[in-house]
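# Chains, contacts and geometry: an overview
Listed below are the residues making up each chain.
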Amino acid sequence: MMNLPLQGIVVLEFCQYLSGPSASLRLADLGARVIKIERPGTGDAGRKLAIKDLWVDDSSLLFHTINRNKESFTADLKNEEDKAVLYKLIEKADVLIHNFRPDVMGKNGLDYATVQQLNPKLVYAEISGYGKKGPWKNKPGQDLLLQSMAGLAYTTGNGSNGPVPFGISITDIMAGSQLVQGILGALIRRQKTGKGALIEVSLLESLLDFQFELITTYFTSKQQPKRSVIANGQPLLGAPYGIYQTADGYLALAMMDLHQLADTIGCVDLKNFAKEDAFAKRDAIKQLLVDHLKRQATNYWLGLLQEAGLWAMEVMNWDELTEHEAYRVLKMEQEITINNRSISTTRCPIRIDGELLLSAKPAPKLGEQNEAIREELVAGRV
């Protein structure tokens, strides 16, 4: 049995939906004991957030994917008896995470200044939507809204279309990942100094950092990066960078020399462009490639391109990807059993000393560990 790096660390998760729970999931994968503090009766609102109307039990499949390997303890933050129990848990915890609006924890006596008095060594980590100050601080911190406000929707899709959002909750996942980085850094400092920390991440700042290439370019040029009209891949890169339709599928082309590409795929007209035209005339170049690449199947083009050492790959859907040996060798899947039903999900992507980090423990039922945790408190454990 591997000795996981966060074994013995206790994390209290006051979170809902995706950003905070994704952070504590990674801490759990690394060995921490994560206790979700949930509302009696309803719990984390993510329990009822069903994607494609998929349910496992009385909670959504989405909830189970992001809350595996955790415990659930219910407490009413407005009930003094419950709050006293929470204070005892906080005294024994190493990390507290929340992703409520800035004033919610303070109104309930769970702000950093208050709990620091209970446990000076506590790492207190919070995710807000837009930070604690400014005119946006109380706006809803929802992923699509953040993508729209932060300019990210103007990096995806073709310039001939309107703004296009990412097809996943990238804002939540990025913020959760960055919160984990802050927490791990604070735990290392605490090991050296005995001092706790306040870690603050906002969805907006996380998304701005995610776009550092584009935003730095904007600061320098004072111009909004423009997407290619067709086959857009990345607004800052020239042709042929993008995805193209072939006779039977799609082909992704990365950075490469235009004239070498012309020779490799037999596109004579491409030689009419100078190599330095790759960005300035990218739409005209890409249109030429769009017309040319439709003439043959994906594997035909891939054979030519890869033999020439040019960076190209087929575009796969998940059916094709999961059947490929290159995917299978990664062993990215793990099984979780819930009420005698087996659910496949992804594992933690980290390997430690060559070993996979797997956990078959399903997400907890609401309040499932209430009695056990109260007994531990009485016995002085947790």
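Everything that follows concerns the structure shown earlier in this document.
Here's a quick rundown of the structure. If you're wondering where the values come from, they're calculated on a predicted model, not measured in any experiment.

On inspection of all chains with the given rule, the structure shows 5 aromatic pairs. Look at Tyr130 and Trp136: their rings are 6.1 Å apart centre to centre, the planes differ by 80 degrees, and that puts the pair in the edge-to-face class. Note on Tyr130: relative accessible area 9%, which makes it buried. Take Trp136: its relative accessible area is 37%, and that puts it in the partly exposed class. Ring geometry for Tyr300 versus Trp301: centroids 5.1 Å apart, planes at 70 degrees, classification edge-to-face. Taking relative accessible area as the criterion, Tyr300 reaches 42% and is therefore assigned partly exposed.

Right, let's talk about the layout of surface pockets for a bit. A probe matching the size of a water molecule, rolled over the atoms, marks out where space remains unfilled. Of the pockets and cavities examined, the second largest pocket occupies roughly 400 Å³. Tallied by class, residues from the lining of the second largest pocket come to 7 nonpolar, 8 polar and 1 charged.

The next point concerns the sheet that holds strand 9 (residues 312–314). Spatially, the 3 strands line up as an open sheet ordered 7-8-9, and their pairing is antiparallel. Taken across any chain shown, the strands that pair with only one partner, and hence form the sheet edges, are strand 7 (242–245) and strand 9. Mean inter-strand twist for the sheet, computed between neighbouring axes without regard to direction, equals 25 degrees. Pairing of strand 7 with strand 8 (residues 250–253), which is carried by 4 bridges, proceeds in the antiparallel orientation. Of the residues in strand 8, the one forming a bridge with Tyr244 is Leu251.

Quick look at the packing of helix 10 (residues 258–265) against helix 13 (residues 298–307) now. A packed helix pair is summarised by two numbers, namely the angle formed by the two axes and the spacing between the axes. In the contact formed by helix 10 and helix 13, the axes pass within 9 Å of each other and the chain directions differ by 130 degrees. As judged from the angle between their axes, helix 10 and helix 13 are oblique. The two elements helix 10 and helix 13 cross, and the hand of that crossing is right-handed. Where helix 10 approaches helix 13, its residues Leu261, Thr264 and Ile265 are matched on the opposing element by Trp301, Leu304 and Leu305.

Calculation criteria
Residues numbered from 1 in each chain as written. Predicted model: local features only at pLDDT ≥ 70, side-chain atom pairs only at ≥ 80, totals over all residues. Heavy atoms only, no water. Phe/Tyr/Trp six-rings, centres within 6.5 Å; stacked < 30°, edge-to-face > 60°. Buried < 20%, exposed > 50% of the residue type's maximum accessible area, 1.4 Å probe, protein only. 1 Å grid on protein atoms, 1.4 Å probe; cavity = no way out; pocket = protein on both sides within 12 Å on 5 of 7 lines; lining within 4 Å. Points joined across faces, edges and corners; volume = space filled by probe spheres on them. Nonpolar A, V, L, I, M, F, W, Y, C, P; charged D, E, K, R; others polar. Pairing = 2+ DSSP bridges. Helix = DSSP H or I, 4+ residues; strand = E, 2+ residues; numbered from the N terminus. Axes fitted to C-alpha atoms, helices over the stretch in contact; angles between N-to-C directions. Parallel < 35°, antiparallel > 145°, perpendicular 65-115°, else oblique. Left-handed = near helix turned anticlockwise from the far one by under 90°. Contact = heavy atoms within 4.5 Å.

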